[in-house]
Amino acid sequence: MVEERSAPAIGFDLDLTLIDARPGMVRAMGAVNAEFGTQVDAQHFAANLGPPLDHVLRGYGFDEPLIERMVAHFRAIYPTVVIGDTVALPGAEESLDAVRDRGARSLVITGKYEPNAALHLKALGWEVDRLAGEVFAEAKGDVLRAEGATIYVGDHHGDIAGAKAAGALAVGVATGPYTAGQLRELGADVVLGELTEFPAWLAENA
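It should be emphasised that the depicted structure is a prediction, and the values quoted were computed from it without experimental measurement. (Residues numbered from 1 in each chain as written. Predicted model: local features only at pLDDT ≥ 70, side-chain atom pairs only at ≥ 80, totals over all residues. Heavy atoms only, no water.)

Colleague: Help me out: how do you make sense of the pattern of salt bridges in this one?
Modeller: Here the idea is simple: oppositely charged side chains can pair when their charged atoms come close. Scanning all chains against the criterion turns up 13 salt bridges. The partner of glutamate 147 in a salt bridge is arginine 130, with the nearest N and O atoms 2.9 Å apart. Here arginine 130 lies in strand β5 (residues 130-132) and glutamate 147 lies in the loop between α7 (138-146) and β6 (149-154), a separation of 17 residues in the sequence. On the accessibility criterion, glutamate 147 (9% relative accessible area) is buried. Between arginine 145 and aspartate 142 there is a salt bridge whose closest N-O contact spans 3.3 Å. One end of the pair is arginine 145 and the other is aspartate 142, both in helix α7 and three residues apart, which spans about a single turn. Looking at aspartate 142, the relative accessible area reads 47%, which means it is partly exposed. Through salt bridges that share partners, Asp13, Lys140 and Asp159 make up one connected network. (Salt bridge = Lys/Arg side-chain N within 4 Å of Asp/Glu carboxyl O. Helix = DSSP H or I, 4+ residues; strand = E, 2+ residues; numbered from the N terminus. Buried < 20%, exposed > 50% of the residue type's maximum accessible area, 1.4 Å probe, protein only.)

Below you can see the structure in the form of structure tokens.
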């Protein structure tokens with residue numbers, strides 16, 4: 001790991017950019033529905049990962065005390081329900097290695113609850129220079145700016161918004177809810193089909 005703060009930094013989103021946690025997410029949300037008698041669409045939720053969970057649940061009109069209980073239950077069961085069945089997306093490890101090989105610092109900035117995000121990194125054997133959780137959209141820009149990041153890679157419109165807010169290059173990867181064309185329309189500066197393309201792009205452009 002690069003420790004010098006003056007080294008360049010490159011950030012990545014986590015869900016549907018570096019990892020695919022969708023099967024476990026479906027089960028976890030199903031368990032929350034069973035616990036609280038709610039009817040959150042678990043498949044839709046898992047296919048559109050990005051915003052923090054409380055943001056998602058507010059969209060269903062639940063009151064705040066119920067949201068707090070649902071979030072707490074989801075977080076509690078997450079390590080046993082989601083972590084073990086989560087896989088790295090193609091090119092993820094190679095992309096993190098490419099950042100390190102260039103002497104840059106690697107950042108993971110995600111809307112996910114940070115302790116659970118850390119469990120994913122540990123399970124996959126990935127070391128990064130900074131992990132920041134529970135940040136979304138323009139709030140990601142605050143972290144990117146503080147770290148001096150020049151590039152942010154993500155699959156969601158919130159990732160593009162975060163990169164733009166920090167004045168970083170927004171690299172969209174079409175492994176989440178948006179197609180390559182939609183990512184371009186949302187303002188991505190660069191669009192990749194998947195992270196397998198990132199190391200070569202980085203070598204040629206950064």
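Colleague: Would you mind showing me how to read the pairing of strand β7 (residues 169-173) here?
Modeller: A regular strand places its side chains on the two faces of the sheet in alternate fashion. The buried count for β7 comes to four of five residues, which makes it a mostly enclosed element. The parallel pair β6 and β7 is bridged by helix α8 (residues 157-166), and the resulting crossover is right-handed. In terms of strand pairing, β7 meets strand β8 (residues 190-192) through three bridges, oriented parallel. By the bridge assignment for β8, valine 171 is matched with valine 190. In this fold, the crossover linking β7 to β8 by way of helix α9 (residues 180-185) has right-handed handedness. (Right-handed = clockwise from strand over helix to strand, strands pointing away. Pairing = 2+ DSSP bridges.)

Colleague: How should helix α6 (residues 114-124) be read in this particular structure?
Modeller: In an α-helix there are 3.6 residues to a turn, and that puts residues three or four apart on one side. Taken together, the buried positions of α6 are Asn116, Ala117, His120 and Leu121. Along the axis of α6, the buried positions cluster into a sector of 150°, meaning they face one direction only. Opposite the buried face of α6, at more than 90 degrees from it, the exposed residues are Lys122 and Ala123. The inward-facing, buried residues of α6 abut β2 (19-20), α4 (64-81) and β5. Taken from the residues just after α6, glycine 125 is the one with a positive phi, measuring 70°. (Arc of directions from axis to C-beta. Contact = heavy atoms within 4.5 Å.)

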